[in-house]
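# Analysis of the macromolecular model
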Amino acid sequence: MPEVRWEWIADHAEEIQTRSLEHLILVSASTAIGVAIAIPIGIAVRGRRIPFAAATGITGLLYTIPSLAMFAFLLPIFGIGVTPAVVGLVLYSLLLLVRNTAVGLESVPEAVREASRGMGLTPRQVLLRVDLPLALPAIMAGIRLATVSAVGIATVAVLIGGGGLGVLIYSDGIQRALFFTPIVTGAVCATVMAIVLDLLLVGVERLLTPWARARAAVR
Amino acid sequence: MSLAADIWEAFRSPLTDGWGQTLTHVRLSATALGLATGAGLALGVLCAKIGRGAAFLVITVSNLGRTVPTFALIALVLSVASLGFWPAVFGLFALGVPPILLNTYTGVREVDPGAVEASRGMGLTAGQVLGRVELPLALPLIFAGIRTSAVQIIATAALVGLVGVGGLGVIVQSGLANSQTEVLLAGAIPIAILAILAELVFGGVQRLITPKGLRLARRPAR
Amino acid sequence: MTVRFGRLAAGLAALILAGGTLLAAGCGDDDGSGGASDGPGGGAELVLADKGFAESAIVAQLYAVALEDQGFETEVTSLGSTEIADGAIRNGEIDLYPEYTGTAFLNVLGRDGASAPAGAEAVFEEVKAAYAPRGLTALPPSPYNNGNEVACTTDAAEEYGLETLSDLGEASGNLVYSANAEHLTRDDGLPLLRREYGIDFREVKTVDISLRYRPIEDGDAQCVYAFGTDPKLATLDLVVLEDDKGAYSAGVPFQNFPVVNTARLEGLPEEAGAALTDTLAEVDALLTEGEIRRLIARVEFDQDDPRDVAEDFLVAQEVVASS
């Protein structure tokens, strides 16, 4: 096991911080944009077999394309830098978000929806006040999966000039004859980031859906 | 259509050796997948039989597999080992095991206890129960795990281009460095095709072997 | 249910606020390292780049440290290759990076090695003249010459009678070559060797450029893509093959020189502009083959940071004051 040079970490604290922040921005920006795109799509295709299959089929195909290839495809269009990195990450997030949104919306009990329609809510109000809140656990699950997955994929962004923790792993590590310390630093930071973001989102989900907790307690 | 012709030329060129790299890529991936399937199945069954105690191990391995970025994992493995085919295979193997392990464990654990009891009652040994009842019933889920691993391995094999074993990622890096779009795509397109093929083939097999009754909305572990 | 939705909105808003604060906090403190605006540089910001391998990183850092000492604010970014660097400096993404006359001549300008004028100075003048209309200024080069070479193990050289690149052309079908991915399709790389010398290796081990001697050390390759300044040429049992046709690096010298974005240079106040060219000239003059080899050895063997290596060197040479 190669040794870890702690002085290197101390000397490069600022770089580690910068790269972590870059990484965080890549992940959060792409997830936010992904959510903005995926939720309307999920709403549009819920309950409709063929549109659902088409949406999950296409986004599933995108998800299957390996990240290096995906970034390579985006390069001729967007050049190098943060843009192709974010676009790629957004495309990867779509499958998880669209699928979970649609499935979550579909699982809202029809009885509840009928009841709210009976109370005089317009279809739009039903969507906003009944369907979406009740679908929130599924949507949040999708956001969690997409976020953790994005942390991993974003490490490859360095190869197209996107920055992030991949810089530690690649430019400082691999390109210096597989220098162990920055590689392990980048790996640990990315893993910790994934875990922390996941926990944060669990917390957000709990905050937003107190009725789920109550239901779990009753069970 | 001139770009398509350029890409094809770049692929066939003896400098990039597209067919050779594709073969290497497939060899790397297939070897790693085979080993990962073997290990994942064996460990998964073992943990399923041990029961509760092993659950923690399985969950942890599976979580680590999900959260540690594959690029980082490969870099770590390669910085510790020497360069070459087998270290690369080992790295790919390491990230291929968790989905198969988790799905085997879950699949075997979730087999209907009634079915197991019935077959025991019929006189089957534990080994026979495993081979003729539990594994077949768990097969769809296991296949979902293999499918996930296959795609993951093919994707990450593209990143090992820096350890002297080749693979299609080398062509991508070449095109990337020299801003040669046709070379870039000559590497990227086959990678995407391989991944999609694996997804379709394994997905198709998974669907075939799933008895109609089990085709619920259950989410296979991704 | 409106209450629930209100909470959703509140939760999201809180998250965005938290994220925004983090961002603001993080963005605030990233100032350039080293000198403030005291010095002829006057705090002018320069973006430098290196091409991703040790020597390039060292030279870029040498420039950066020296310029900071003169009051510039510098930032060094690592780019993947010559192509990328050339594109970046032409559209102003970066201001300055170290290039080689040979690379500029053969690769960037795409000229034929056979048409190169005789003598390093003449080649540099031709590059300089050709760079001007591209919006780039070529500043005077360093003394050291870092040609692209092919080096083979002495065992292989003896077995196959390898002395020149043409010899290699005949024997290459039996040999394994170690190089990086960029070399495979770069005009002045493997394609040139193939075209001019008929070199067609049995196998090419593609590794990161910093690892290209590993396959040699592990016994998996007999030939390697070598640079004239590689410290490992001295420490390993290798022989550099002679460029008998002069189409590879013998035909064209590879001297290190700074490339500056002309618009940026002219946009600087006169004092800063003069300080820039003078400082770079001062640094470049110090770089002989022996010196640069020592610096590369520190980075490649000891895995020292290029910036530290640059600082130590410039302090020892009394170009900058020690900090």
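Residues numbered from 1 in each chain as written. Chains lettered and ligands numbered in written order. Predicted model: local features only at pLDDT ≥ 70, side-chain atom pairs only at ≥ 80, totals over all residues.

### Points about the pairing of strand β10 (residues 256-261) of chain C
Residue and element names in this part refer to chain C. Filter applied, for reference: Exposure criterion: with C-beta atoms placed from backbone coordinates, a residue whose C-beta has 20 or more other C-beta atoms within 10 Å is buried, one with 12 or fewer is exposed, and one in between is partly exposed. Helical segments are the DSSP runs of H or I of at least four residues, strand segments are the runs of E of at least two, and each set is numbered from the N terminus. One bridge is not enough; two strands pair if DSSP finds at least two bridges between them.
Along β10, six of the six residues are buried, which leaves the element largely enclosed by surrounding structure. Here β10 shows no split at all, with N256, P258 and V260 on one side and F257, V259 and N261 on the other all buried. Bridge analysis of strand β3 (residues 96-100) against β10 gives five bridges, and the strand direction is antiparallel. Within β10, the residue paired with Y97 across the bridge is V259. Here strand β4 (residues 136-138) runs beside β10; their pairing, made up of three bridges, is antiparallel. Residue pairing across strands places T137 opposite V260, the latter belonging to β10.

### Side note on the packing of helix α2 (residues 18-50) of chain B against helix α5 (residues 85-109) of chain B
All names here are of chain B. Put simply, the test is: Convention adopted: a line fitted to C-alpha atoms gives each axis, helices being fitted over their contacting stretch, and angles between N-to-C directions are expressed from 0 to 180 degrees. Should the near helix be turned counterclockwise from the far one by less than a right angle, the crossing is left-handed, whereas a clockwise turn marks it as right-handed. Each residue is assigned to one of three groups, with Ala, Val, Leu, Ile, Met, Phe, Trp, Tyr, Cys and Pro labelled nonpolar, Asp, Glu, Lys and Arg labelled charged, and all others, Gly among them, labelled polar.
Where α2 contacts α5, the two axes come as close as 6 Å, and the packing angle between them is 35 degrees. Between α2 and α5 lies a crossing whose hand is right-handed. Grouping the constituent residues of the contact of α2 with α5 by class yields 20 nonpolar, seven polar and one charged.

### A short note on the nonpolar core
For clarity, the cut-off: Residues of type Ala, Val, Leu, Ile, Met, Phe, Trp, Tyr and Cys that are buried and joined through C-beta atoms within 7 Å form what is called a nonpolar core. Domain start and stop positions are those given by an automatic or database domain assignment. Residue pairs are scored as contacts if the distance between their C-beta atoms, which are placed from the backbone, is within 7 Å.
Membership of the largest hydrophobic core comes to 240 residues, with the highest contact counts inside it found for L68 and I169 of chain A together with L48, I58, L62 and Y63 of chain C. With 16 residues, helix α7 (residues 123-153) of chain A is the largest single contributor of residues to this core. A domain-level breakdown of this core finds at least three residues from each of domain 1 (45-145 + 254-316) and domain 2 (148-240) of chain C. Among all residues touching L48 of chain C, those that are not within four sequence positions of it are A60, Y63, A64, T74, E75, V76, I94, D95, L96 and Y97 of chain C.

### Quick look at the domain arrangement of chain C
Residues and elements named next belong to chain C. For chain C, the domain assignment lists domain 1 (45-145 + 254-316) and domain 2 (148-240). Each partner contributes residues to the interface: domain 1 has 17 residues there, and domain 2 has 10 residues. Here the side of domain 1 that touches domain 2 gets seven residues from one element, more than from any other, and that element is helix α14 (residues 289-301).

### Overview of the interface of chain A and chain B
Contacts between the two partners involve 33 residues from chain A and, on the opposite side, 30 residues from chain B. Looking at the side of chain A that touches chain B, the elements that each hand over two or more residues are α3 (49-64), α4 (67-78), α7, α8 (166-169) and α9 (180-208) of chain A. Here the side of chain A that touches chain B gets nine residues from one element, more than from any other, and that element is α9 of chain A. Of the residues contributing to the side of chain A that touches chain B, the split by class is 25 nonpolar, eight polar and no charged.

### Here's the deal with the pairing of strand β8 (residues 223-227) of chain C
Residues and elements named next belong to chain C. Taken across its five residues, β8 has five buried, putting it largely inside the fold. Where strand β5 (residues 148-153) meets β8, five bridges bridge the pair, whose relative direction is antiparallel. Bridge pairing in β8 links E149 to A226. Summarising the sheet, strand β6 (residues 176-179) and β8 pair through two bridges and their orientation is parallel. Within the sheet, the bridge partner assigned to S178 lies in β8 and is V224.

### Some points on the confidence of the model for chain A
Heads up, the rule is: The predictor reports its confidence for every residue as pLDDT, a score running from 0 up to 100.
Averaged over all residues, the pLDDT of chain A is 90; the fraction at 70 or higher stands at 96%. When mean pLDDT is taken per element in chain A, helix α2 (residues 13-45) of chain A scores highest with 94 and helix α10 (residues 210-218) of chain A scores lowest with 61.

### Regarding helix α4 (residues 70-80) of chain B
Note that an α-helix has 3.6 residues per turn; residues three or four places apart therefore point the same way. α4 of chain B sits mainly inside the fold: 10 of its 11 residues count as buried. All of the buried residues in α4 of chain B are T70, F71, A72, L73, I74, A75, L76, V77, L78 and S79 of chain B.

### Quick notes on the sheet that holds β6 of chain C
Residues and elements named next belong to chain C. Pairing in this open sheet of five strands is mixed, and the strands run β7-β6-β8-β5-β9 from one edge to the other. Either end of the sheet is taken by a strand with one partner, and the two such strands are β7 (203-206) and β9 (238-240). On average, each strand axis in the sheet is inclined to that of its neighbour by 35 degrees, with strand direction left out of account. In this sheet, β9 lies alongside β5 in antiparallel orientation, the contact comprising three bridges. Bridge assignment links C152 to a residue of β9, and that residue is V239.

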